[in-house]
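Examining the three-dimensional arrangement
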Amino acid sequence: MAEKGPVQREMEGLLAAAFPGANITLSNDSAQHRGHAGDDGSGESHFSLLIIWDGFAGQNRVARQRLVNRALGDLPGQRVHALAIKALTPGE
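Overview of the structure. (Residues numbered from 1 in each chain as written. Predicted model: local features only at pLDDT ≥ 70, side-chain atom pairs only at ≥ 80, totals over all residues. Heavy atoms only, no water.)

1. Focus on the packing of helix α1 (residues 6-18) against helix α2 (residues 61-72)
Closest axis-to-axis distance for the α1/α2 pair is 9 Å, and the angle between their directions is 120°. With respect to α2, the element α1 is oriented oblique. Every pair of crossing elements has a handedness; the one defined by α1 and α2 is right-handed. Facing Met11, Leu14, Leu15 and Ala18 of α1, the residues of α2 in contact are Val68, Ala71 and Leu72. (Axes fitted to C-alpha atoms, helices over the stretch in contact; angles between N-to-C directions. Helix = DSSP H or I, 4+ residues; strand = E, 2+ residues; numbered from the N terminus. Parallel < 35°, antiparallel > 145°, perpendicular 65-115°, else oblique. Left-handed = near helix turned anticlockwise from the far one by under 90°. Contact = heavy atoms within 4.5 Å.)

In structure tokens:
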């Protein structure tokens, strides 16, 4: 398993603070996009997130993704080119 970079560690910290008790799996997919659009050469440009949290109950997919993006602030779109988000409740 590759060592986590500073962007991934920052994202994980922000998510853990915003979604207490959530099960968070953040995968760095940047190597699969090397040389493609959005690859800034940092090795931390493309991520996939699976987040399972009780607090998503009663919210649709768009609302959940907005919460995640709000928690991450300027990272998506600034330092992270692409973030695939799968936000679920424990029963989903």
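2. A closer look at α2
Taking 1.5 Å as the rise per residue, α2 with twelve residues should run 16 Å; its terminal C-alpha atoms sit 17 Å apart, in good agreement. Inspection of α2 places Arg64, Val68, Ala71 and Leu72 among the buried residues, and these make up the whole buried set. Across the axial projection of α2, the buried residues extend over an arc of 100°, all falling on one side. Exposed positions of α2 whose direction lies more than 90 degrees from the buried face are Arg66 and Arg70. In the core, the buried residues of α2 are packed alongside α1, β2 (46-52), α3 (75-79) and β3 (82-88). For α2, the side-chain oxygen to backbone nitrogen distance between the N-cap and valine 62 is 3.1 Å, and the N-cap itself is asparagine 60. A positive phi of about 60° marks glycine 73, the residue just after α2. (Expected span 1.5 Å × (residues − 1). Buried < 20%, exposed > 50% of the residue type's maximum accessible area, 1.4 Å probe, protein only. Arc of directions from axis to C-beta. Polar contact = N/O pair within 3.5 Å; in protein donor to acceptor, adjacent residues only side chain to side chain.)

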